[in-house]
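Each chain, letter by letter, is given below.
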Amino acid sequence: MEKVIAAAILLLLYCQAAAARTWSGGTRRPPMPARRYTSPLPQHRQHVVTAGAGAGGMSVPAMVQYETRHYTQRLDHFNSAPSSYATFQQRYLINSTFWRGKTSPIFLYAGNEGSIDLFSNNTGYMWETAPRFGAMLVFVEHRYYGESMPFGGSKAAAYADAGTKGYLTVAQALADYASFVQSLKGNLSAPEAPVLVFGGSYGGMLAVWMRLKYPHIVMGAVASSAPILSFYGLADPYAFYDRVTDDFKSESKHCYEFLRKSWAVLDSLIATKEGTALLKSTFNMCNGSSVEDIPTLLESAVVNAAMTDYPTESGFLTSLPAYPVREICRAIDADPSSGDKSHPVLARVRAAMGVYYNHTGGAACFRGEEDDDPYGMYDGWNWQACTEMVLMTYGLRNDSVLQPPWPFNFTDVVASCRNATGLPPRPYWIETEFGGYDIGNVLKRSASNIIFFNGLRDPWSTGGVLKSISDSIIALVEPKGAHHVDLRFSSKDDPDWLKQVRAKETRIIARWLKQYYSDEAIST
């Protein structure tokens, strides 16, 4: 049985799937900052996009309007071999409605591991803040994702083998963004326009690293739920799932205990004909899906609900109610006499899954996730997760809400990745390239103008920067926050703490810009 742990973000958040490990007779895939999205975004083929449906069926605010353009990007920024000069078309989305001219800011979103419109339609803070600063909005798609495919624009060609996939690296992606910004400013005749880079989850990591590597190109970074410390030797490999466990345990001890015991019940039923028949009669699985998908679906619901435990309704991963962890626990804790009495464990599992997968009531059946990749994420992230983005999210303790326990074994992780890609992974390379050890003192000596936001409900916060480092490298930490909740569109139902976080971020950005214009002697 294949159990796929799905956690996003973005994350940060934000799949590590190729580094699979044996579990209950099958494999469980660790999460990525942005993992399973159950409702696809519309792929906007028209030149200008306006408000419409977003992820999870949620509507996109009317202010989200952009032009879709393409930039001719170099395949390899770091070699002079003839093959390095090949190019591909990199997609970007642009809105200049609010831009006040050649010295006004450019807000750049560093595209994550997926189609760029997913992130443009869900990063409301940028849209809502741009008018105040007279900023241009630009969302750049990450190479090898969405429509930004090297080797002729074909995904099949781009992912043909290790030779073609080898250009999918963090360093190449950052160089893409740097090259793009220089070209954009040149075309705008706006060399003095300050550029602020934004990102959530993996995009937040890219935003931080871009500020470190290209400080002459971006003058500040807003990094939300960016787990830059989630690498081997820096992070506790059990911490991610410890936080998921704590989220459910803090909501309801009974809910937590029920979930811990449910995995054994599901596995035992799947192992017999009678149990399989009972599962079929209890769960209405879609055509092409199997009852063996049920543990996977439940795990994804548990992990993603913890990651996106937002205080208002959302549609980022799927249509969810406010505080989905609370709602899942309410479904589990409800009196079983109010539902299916034939098997109270299965009735509660089905009710919990219904909160995550059928909050709106529009789903006719439960669909297995194995072949569900609406944003074209998995092929690319599986490669990244087993070459250099080897995030430490592999261990389960005895008391984890997910069962059975799984001791962390780094040797197994490396071996699994090598088996998946045919290449030895580089689990230390990100720390070599961008730092990590003694991060506070290193950044204090070498960096400035970075905001790190982390919500402590988010399991990816366990790899985040949680303490301010200097007057301009500021950590905003919110105990009630979830995965890049600060970058979401605002709502009339937002709690005061969330309004205050966004207000702080806006004040910090204003201070950075004021200092920039003063340093550059630019009148505004």
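Refer to the structure printed above.
Since the model is a prediction, treat every value here as computed from it, not as a measurement. (Residues numbered from 1 in each chain as written. Predicted model: local features only at pLDDT ≥ 70, side-chain atom pairs only at ≥ 80, totals over all residues. Heavy atoms only, no water.)

**Q** Sorry, what's going on with helix α9 (residues 273-282) here?
**A** Since the α-helix packs 3.6 residues into each turn, any two residues three or four apart lie on the same face. Turning to α9, its buried residues are G275, T276, L279 and T282. Here the buried residues of α9 occupy an arc of 130° about the axis, which is enough to place them on one side. More than 90 degrees from the buried face of α9, the exposed residues found are K273, E274, K280 and S281. Elements that come into contact with the buried residues of α9 comprise α8 (253-270), α10 (294-307) and α12 (344-357). (Buried < 20%, exposed > 50% of the residue type's maximum accessible area, 1.4 Å probe, protein only. Helix = DSSP H or I, 4+ residues; strand = E, 2+ residues; numbered from the N terminus. Arc of directions from axis to C-beta. Contact = heavy atoms within 4.5 Å.)

**Q** I would appreciate a short explanation of α12 in the present structure.
**A** The end-to-end C-alpha separation of α12 is 20 Å, in line with the 20 Å expected for 14 residues at 1.5 Å each. The buried fraction of α12 is high, at 10 of 14 residues. What α12 keeps buried is the set L346, A347, R348, V349, A352, M353, G354, V355, Y356 and Y357. Turning to α12, the residues buried within the fold contact α8, α9, α10 and α11 (324-333). (Expected span 1.5 Å × (residues − 1).)

**Q** It is not clear to me how the side chain of S252 should be interpreted in this structure. Could you clarify?
**A** Along the polypeptide, S252 turns up in the loop between α7 (239-251) and α8. Overall, the relative accessible area of 10% leaves S252 in the buried class. Only 2.6 Å separates the side chain of S252 from the side chain of D333, close enough to count as a polar contact. Residues contacting S252, with those up to four places away along its chain left out, are C329 and D333. (Polar contact = N/O pair within 3.5 Å; in protein donor to acceptor, adjacent residues only side chain to side chain.)

**Q** Looking at this structure, how should I read the packing of aromatic side chains?
**A** Each aromatic ring pair is summarised here by two numbers: the centre-to-centre distance and the angle between the ring planes. This model, assessed by the stated rule, comprises 23 aromatic pairs. Positioned over the ring face of Y85 is R74, at 4.2 Å from the centre of the ring. The ring of Y310 has R488 sitting right over it, with the charged end atom 4.4 Å from the ring centre. (Phe/Tyr/Trp six-rings, centres within 6.5 Å; stacked < 30°, edge-to-face > 60°. Lys NZ or Arg CZ within 6 Å of the ring centre and 35° of its normal.)

**Q** What exactly am I supposed to notice about the environment of F434 here?
**A** Locating F434 in the fold gives a position in helix α15 (residues 429-434). Separated by 225 residues in sequence, F434 and W209 place their C-alpha atoms 6.5 Å apart.

**Q** Is there a simple way to think about the nonpolar core in this case?
**A** Buried together is how nonpolar side chains tend to be arranged in soluble globular proteins. Residues V138, W209, M210, F248 and M389 are the most contacted members of the largest nonpolar core, which totals 149 residues. Once residues within four sequence positions are removed from consideration, V138 is found in contact with Y92, L93, I94, I106, F107, L108, Y109, F180 and L184. Listed in part, the 8 residues of the second largest apolar core include Y238, V390, M392 and F410. (Core = buried A, V, L, I, M, F, W, Y, C linked by side-chain atoms within 4.5 Å.)

**Q** I'm lost on the packing of α8 against α9 in this one. Help?
**A** A packed helix pair is summarised by two numbers, namely the angle formed by the two axes and the spacing between the axes. α9 packs onto α8 with a crossing angle of 115° between their chain directions and a minimal axis gap of 6 Å. Overall, the two elements α8 and α9 adopt an arrangement that is roughly perpendicular. Here L266, L269 and I270 of α8 lie close against α9, whose contacting residues are G275, T276, L278 and L279. The residue makeup of the contact of α8 with α9, split by class, is 5 nonpolar, 2 polar and no charged. (Axes fitted to C-alpha atoms, helices over the stretch in contact; angles between N-to-C directions. Parallel < 35°, antiparallel > 145°, perpendicular 65-115°, else oblique. Nonpolar A, V, L, I, M, F, W, Y, C, P; charged D, E, K, R; others polar.)

**Q** Help me understand the pattern of salt bridges in this model?
**A** Note on pairing: side chains with opposite charge can pair once their charged atoms come close. Scanning the model with the defined rule gives 15 salt bridges in all. Between K155 and D379 there is a salt bridge whose closest N-O contact spans 3.4 Å. In this pair, K155 sits in helix α3 (residues 155-158) while D379 sits in helix α13 (residues 378-385), placing the two residues 224 residues apart along the sequence. Of the residues examined, K155 reaches a relative accessible area of 31% and is grouped as partly exposed. Note on D379: relative accessible area 41%, which makes it partly exposed. In this structure, the salt-bridge partner of K249 is D399, at a minimum N-O distance of 4.0 Å. Placement of K249 in helix α7 and of D399 in the loop between α13 and α14 (410-421) is noted, with a sequence separation of 150 residues between them. (Salt bridge = Lys/Arg side-chain N within 4 Å of Asp/Glu carboxyl O.)

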